[in-house]
Amino acid sequence: MLRTDAWLRRALAIGVTFGLVVAACGGTNPTATPAGPTVGPGESPAESTMPDLHGGTIFMLTQNEEFDDIDPQRAYTGEDLAFFGATIMRALTGYVYSDDPVVANGVTADMATDTGTASPDATEWSFTLRDGLTWEDGSALVCEDIKYGVSRTFANDVITNGPTYAIQYLDIPENPVSEGDDAVYLSAYYGPYNGTGQDLFDQAVSCDGNVITFKLNQSVADFNYTVTLGFSPVPDPAIHPDLVDTVDQYTLRPWSNGPYKIEEYTQGNGGHLLLTRNEFWNQDSDPVRLAYPDQWEVLFGIDAKVIDQRMMASQGDDATAVCYCNIQPENLNTVFADPQTPNPDFAGRVVSDYDPYSRYYWIDVQKVPNVKHRQAMAAALNRDAIRANAGGDFAGALGDGVIKPNLGQDYAETGMWTGLLGQPIPDSGDPDFARQLIEESGEPMPDLIWDYPQNPTRDLEAGIVVESLGRAGINVTANPIPGGSYYGTIFNDEQAHQFGWAGWGPDWPNASTVIPPLFTDKGGWNISRVRGEANQDFIDQVAVAIGELDRSAQAKMWQDLNKLAMERVYVIPTTFGLSQVIVGTRIQPVYQWAPWGSWPYAIMYVTP
Amino acid sequence: MAGYVVRRVVSMTLLLFLLTLTVFFLFNMMPADPARLTCGKACSPAIIEANRHHLELDIPPIEQYQRFVGGIFFGRTFSKDTPRPIECEAPCLGYSFLRNTEVLTLIARAAPVTFWLAIGGFLTWMLIGLSLGIVSALTRGRWVDRTIMGIALVGYSLPSFFIGLVLIFFVILDWNLLPFPQWTTPDKDLGRFLQTMILPWITIATLYAAFYMRLTRNQVLEVFGEDYIRTARAKGLPERVVVLKHALRAGLTPIVTAAGLDLAGLLGGAIITENIYSLPGLGSLSIGAVLASDLPVITGITLVTASLIIFANLVVDLLYAVVDPRVRVG
Amino acid sequence: MVGRSLRQIVWARLRRDKVAMTCLVVLIVYYMIGILGPMVGPSFGLDPYAYDRAAISNRGGAPVLDFGGISAAHPLGVEWGTGRDILSQLLWGLRISLVVATTAAFLSTAIGVIVGIIAGYAGGWTDMVIGRLMDLVLAFPFLLIILALSNVLTDRITDLGVPSGNPSRILYLILVISSFGWPYLARIVRGQVISLREREFVEAAVAMGSGRRRILFTEILPNLWAPILVYATLLLPAYIGTEAALSFLGVGVIPPDTTFGAMLANSVNYFHAVPTYLFIPGTILAVLVVSFNLLGDALRDALDPRVTR
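Let me begin by describing the structure that accompanies this report. What you see is a predicted model; the values in this text were computed from it and never measured.

Bringing the interface of chain B and chain C into the picture now. Taken together, the contact pairs 42 residues of chain B with 40 residues of chain C. Where chain B abuts chain C, roughly 3500 Å² becomes buried across the two surfaces, and 84% of that area is made up of carbon and sulfur atoms. Where chain B touches chain C, the interface holds 1 salt bridge. For the salt bridge of Asp297 of chain C with Arg214 of chain B, the shortest nitrogen-to-oxygen distance reads 2.5 Å. Joining chain B to chain C, the criterion identifies 2 residue pairs in polar contact (both at pLDDT 80 or more). The set of elements that each furnish at least two residues to the side of chain B that touches chain C consists of α1 (2-28), α6 (143-157), α7 (160-174), α8 (190-224), α11 (271-276), α12 (282-291) and α13 (295-323) of chain B. Top contributing element to the side of chain B that touches chain C by residue count: α1 of chain B, with 9 residues.

Dropping the structure here:
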């Protein structure tokens, strides 16, 4: 889920449940027809006995100056996916709206009539579209539009930054060309704009009336979760000549198939995004969205301090505003009596919940190849000070791995701090044990540089890293990098240093979207550079786990791999983050929606 | 005179050319790989290579520079080989692939904010600076003079961000006299506009007014020493007329010079003031661009700002030559 | 009758100026603290890097005690989130600010004087080229340039063998600040040199066949020290402000070290809850800068033959 650079600019989003809830979710049995609990309009908070909740404008205040991407094939930030998914960007399947994370993490039908049908070995999935789906000009949304949307992912020269599961899973060979201009394409199909390999794509994705079928290159037991990411429709130019696909500019003005459409979008500080009703959207075709407010207006570029002041005061229009952001540390003691309890003035409109993200420090295992050295770094780190600096009890719990408890069955304690590395390590670090590990390594500890995306709080965190590792005789220099270029820098082998700051959240409730991305080159987020002979056994085990169709057996594998990764200290986990958010006095319902760690946008309303 | 003008214009053009050259090559050596930055999560060397081509970074720097300058005069097309080429019409200052927008559009969007900030600040400081400077000169050596000069010195010394933060602390947070600044245009909501701008204006004015107080005071004192003022006084003209009509006018030239240059500099964006009050002007735009390593935007803003100053220099010099007969232009 | 040298006259005038003398004392104290503080501090238990976890609550990282955690152990309070001692941070930070500002002021002055003398004395094409170069430098939005180039140039400096981290960063600040600061002084010096060039004693030296270098440095330079001194004194506070502004914007020294600007930048997040974060470093910085400016002002008056007292 996490395109963390976006997330980073926005001081994090939101959380799942409080308490370490086990979400029983994940892949359905591929042979059965998957069926998740669904919420229809009647079961929502809008009971028929209640007054009509339609109308009004919900404002969203954000520090960001624009959305990273509104293109269905490029959007990849949890909060954005949640918001646009609820308003203009429907998908074949979605998640249930519920304040219970176990329920909410269940997949449910959206544009499809059910949550999909898989072949026995889960290498072929098909979805049947509902009747009455439309675009914002009133024209019918057809199966080919979904197919066209998916095809855009393959034009990875212009459709950048988005999820690439279509390329990863669809049964289309890799691009055989390794030299020249065409080498840019990841797949033998070059996308709809270039057109090369169109027949390959047509074989993998086919439309038969209103049934779309995907042929996969491997068994994917939870492909009906996968289709929530980047499988949304874009008008097929052959069918909708008026709804132009503007390619890389589409992200500025995508066509809507949801209850709202983009009326106005001006980026920058002082700019706004205004969504108004799409009169062609048909409530009967949509089992998920209740579409209460008449408008959504996102206001860009408001200072974080100002947002807090306005949200806390909740005067005028701000009474119907939601904060697309987190409460600043300075105000937490005003808003909350403690992390579980809001102060009376704010009861019912603030939430403090675990978000989907694990924070950790990656360690480049190529640059620090000696496992004892990495263990020494983990042992020396003062995690307690890091947590205190991040907000203490408001920052969440200390982490023991990259899989977070709210991911459900895939989580098990790794024991990283209770003996996995040889002996228990206190929260404030154990410099003596670290020295001992360095001695055992048989090599002198190299000098280290810690990369981090700069902001004032992380400047202090850098000081903690330098100081606490220094107590174990490890010489560390901090290297602040401007936020916007952070990931660009650390993914560059020459510019990245030995270790640094990062965070990650799962794309859907399966650690298959955590362990493989973080620790294999195929996954695309391998900042630790887990590769080479010493780590080959790990990489092989990951491949086995991905192919495992028995979900509980797979869960056990993820637990073991999480533990193994910690034993080898591919990363040093810091916190399982908690975040605090606030809405105006006239917004309901107020809870963290588990799937994207966001507000439940599709069912929010203005109280009359 | 004509010869002088021609020479100054020629030298300004030369300067502008040097400026584009310096700016372009200064930023061209930055390592933050723009091709990598647009690449995102699933990134392979081949994609980076293609993006480099797409961003025209794979051609020699000299040629990049030619295209850059060519764009300013004739416009240029980005992403020529892609399905959707981007036409950037002259004057094209570049295209921000990070924000999917022409640099000129971004600058045009931010410019009004900076314009209002600069103009309001300018008027405030000129008003305060000139009036207090004159008062100070007239009460020379007495406590009024000393107090004014003392205030001027402190105001001149304090870092702008400290002034800004202190103002926010007292006026907004502690005394609740004003709401938090939130930019809006004066035609949309004049009240809100004034509420937002008053503190930034004061912040800027504090910095500059002090300088102008001192300058005005010195000018007036100097002019008072000259013969024609003594003559005017001897003629029995009222003191008010002596001060305003004779003394100030004669002493005004260096003040106008400084004011022109300061205003031009400010129009390029007040990074710190805009940052503190989160005003979406050129200063904020440039900080954002720096943080995101958005080279085309940085280059564009630097060029515009520097051109403003160079142009203001020319205007001031020419005015100077026209107004002050002592300047030799031959 | 023994004639007093200009130096004696100026000093006598300064000594009569109470404000100037106060400032001088204040500045000497600042420099002493900057030099001695980090040397003597540790024996008083001062350590800017030590984390005092006990001083920080678990509720958002706020200091446990009021007024930013002021206590006997931390007379000026502790930093939000880490519990580091504010007094120690100020002492260590002052040293960095003074080193950057003083060195940069010295460098700019040196460059300004040399370039100014060359332009003024050589005249013609050299003067013209230098003049345009000065225009070019003055036209740049230097804050933006310093920000934009900080990472790349700091890396270059590290590549040249300067230790990575703060040594490289401080050197970058010094070099880049001074490279934008010289043209003002160069202009003043150039003007002075042009007027001196025509004076009798220079013409006499030329007539006596003195070498150009000798004329420049033994005949002309000694006559320039008054404006140079005044200008350098005024450059220092400006550079202290610049360094603070740059740290405020996030360029500057990196953790665990800190300076006034970085402390003030960090205070923004908390100063409504803990005003001392804003006012303590801010006031100390303001006193430093104001003292420099007052002294510079007094020096200018003392050196100005027209001022009668």
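Picking up after the structure, the text goes on.
Residues and elements named next belong to chain A. With mixed pairing, the 6 strands of this open sheet are ordered in space as β15-β19-β14-β18-β16-β17. Two strands close off the open sheet at either side, each with one partner strand: β15 (396-398) and β17 (476-481). The mean inter-strand angle of the sheet, taken between neighbouring strand axes irrespective of direction, is 25°. In this structure, strand β14 (residues 350-363) lies alongside strand β19 (residues 571-582), joined through 9 bridges in antiparallel fashion. By the bridge assignment for β19, Asp353 is matched with Ser579.

So, about the sheet that holds strand β7 (residues 211-215) of chain A. Residues and elements named next belong to chain A. Ordered in space as β4-β5-β7-β6, the 4 strands form an open sheet in which the pairing is antiparallel. In this open sheet, the two edge strands, each paired with only one partner strand, are β4 (117-118) and β6 (205-208). Relative to strand β5 (residues 124-128), β4 runs antiparallel, the two sharing 2 bridges. Its bridge partner being in β5, Ala118 is matched across the sheet by Trp125. Each of β6 and β7 touches helix α4 (residues 143-152); the most contacted strand, β7, lies at about 30° to it.

Turning to its location among the elements, Lys261 of chain A is positioned in strand β8 (residues 260-265). Apart from residues lying up to four places away in sequence, Lys261 of chain A is in contact with Ile88, Glu136, Ser256, Leu274, Leu275, Thr276, Arg277, Asn278 and Glu279 of chain A.

Quick look at unusual backbone geometry now. With an omega dihedral of -15°, the bond running from Gln588 of chain A to Pro589 of chain A counts as a cis peptide bond. In this structure, Pro589 of chain A sits in the loop between β20 (587-588) and β21 (605-606). Pro91 of chain B follows Ala90 of chain B through a cis peptide bond whose omega is -5°. You will see that Val247 of chain A, though not glycine, has its phi angle at about 55°, which is positive. Looking at the secondary structure, you find Val247 of chain A in the loop between α7 (223-226) and β8. Note on Val247 of chain A: relative accessible area 4%, which makes it buried. With a phi close to 35°, Ser278 of chain B is a non-glycine residue in the positive phi region. Mapping Ser278 of chain B onto the fold places it in the loop between α11 and α12.

This part takes up the state of the cysteines. Residues and elements named next belong to chain B. In the structure shown here, the tally under the stated rule is 3 disulfides over all chains. Each sulfur of the disulfide joining Cys88 and Cys92 lies 2.1 Å from the other. Between Cys88 and Cys92 the disulfide shows an S-S torsion of about 105°. By sign, it is right-handed.

Residue and element names in this part refer to chain A. Among the 6 residues of strand β18 (residues 499-504), 6 are classified as buried, and the element is accordingly described as predominantly covered. Relative to β18, β14 is paired through 6 bridges, and the arrangement is antiparallel. The partner of Arg359 across the bridge, within β18, is Gly503. Bridge count for strand β16 (residues 448-453) against β18 is 2 bridges, and the pairing is parallel. Pairing of Trp450 across the sheet is with Phe499, part of β18.

Here we take up a nonpolar patch on the surface. Taken together, the side chains of Ile28, Met32, Ile35, Leu36, Met39, Val40 and Phe44 of chain C define a hydrophobic patch exposed on the protein surface, amounting to about 710 Å² of accessible area. Relative to the helices and strands, Val40 of chain C resides in helix α2 (residues 18-40).

Residue and element names in this part refer to chain A. Enumeration according to the criterion identifies 12 cavities of 30 Å³ or more in this entry. Quantified by volume, the largest cavity comes out at close to 270 Å³. Taken together, 21 residues make up the lining of the largest cavity; nearest its centre are Leu81, Gly85, Met89, Ala91 and Trp596. Counting residues per element, the ones that place at least two in the lining of the largest cavity are α2 (78-87) and β2 (93-95). In terms of residues, the lining of the largest cavity owes the most to one element, α2, which gives 4 residues. Tallied by class, residues from the lining of the largest cavity come to 12 nonpolar, 6 polar and 3 charged.

Along its 16 residues, helix α5 (residues 124-139) of chain C runs 23 Å from first to last C-alpha, staying within 8% of the 22 Å computed at 1.5 Å per residue. Taken as a whole, α5 of chain C has its buried residues at Asp127, Ile130, Gly131, Arg132, Met134, Asp135, Leu136, Val137 and Ala139 of chain C.

Glancing now at the nonpolar core. Core analysis: the biggest nonpolar cluster contains 185 residues, and Trp125 and Phe161 of chain B together with Ile220 and Phe248 of chain C have the highest contact counts within it. If one sorts the elements of this core by residue count, helix α4 (residues 86-122) of chain C sits on top with 14 residues. Mapping this core onto the domain boundaries places at least three of its residues in each of domain 1 (31-92) and domain 2 (107-328) of chain B. Look past the residues within four positions of Phe248 of chain C in its chain and what remains in contact with it is Phe161, Leu165, Asn275 and Ile276 of chain B together with Gly261, Ala262, Leu264, Ala265 and Val268 of chain C. Counting 85 residues, the second largest nonpolar core, distinct from the first, contains Ala86, Leu129, Val150 and Tyr169 of chain A.

Time to look at the pattern of salt bridges. Residue and element names in this part refer to chain A. Applying the stated rule across the entire model yields 33 salt bridges over all chains. The salt bridge partner of Asp71 is Arg152, with a shortest N-O separation of 2.8 Å. Of the two residues, Asp71 sits in the loop between β1 (57-61) and α2 while Arg152 sits in helix α4, which places them 81 residues apart along the sequence. Between Arg359 and Asp355 there is a salt bridge, with its nearest N and O atoms 2.9 Å apart. This pair shows no difference in class: Arg359 is buried, exactly as Asp355 is.

Parameters at a glance
- Residues numbered from 1 in each chain as written.
- Chains lettered and ligands numbered in written order.
- Predicted model: local features only at pLDDT ≥ 70, side-chain atom pairs only at ≥ 80, totals over all residues.
- Heavy atoms only, no water.
- Contact = heavy atoms within 4.5 Å.
- Buried area = accessible area lost by both parts, 1.4 Å probe.
- Salt bridge = Lys/Arg side-chain N within 4 Å of Asp/Glu carboxyl O.
- Polar contact = N/O pair within 3.5 Å; in protein donor to acceptor, adjacent residues only side chain to side chain.
- Helix = DSSP H or I, 4+ residues; strand = E, 2+ residues; numbered from the N terminus.
- Pairing = 2+ DSSP bridges.
- Axes fitted to C-alpha atoms, helices over the stretch in contact; angles between N-to-C directions.
- Buried < 20%, exposed > 50% of the residue type's maximum accessible area, 1.4 Å probe, protein only.
- Disulfide = S-S within 2.5 Å.
- Patch = residues over 30% accessible without salt bridge, like charges linked within 9 Å, V, L, I, M, F, W, Y side chains within 5 Å.
- Areas by Shrake-Rupley, 256 points an atom, 1.4 Å probe, with all protein chains shown as cover.
- 1 Å grid on protein atoms, 1.4 Å probe; cavity = no way out; pocket = protein on both sides within 12 Å on 5 of 7 lines; lining within 4 Å.
- Points joined across faces, edges and corners; volume = space filled by probe spheres on them.
- Nonpolar A, V, L, I, M, F, W, Y, C, P; charged D, E, K, R; others polar.
- Expected span 1.5 Å × (residues − 1).
- Core = buried A, V, L, I, M, F, W, Y, C linked by side-chain atoms within 4.5 Å.
- Domains from an automatic or database assignment.

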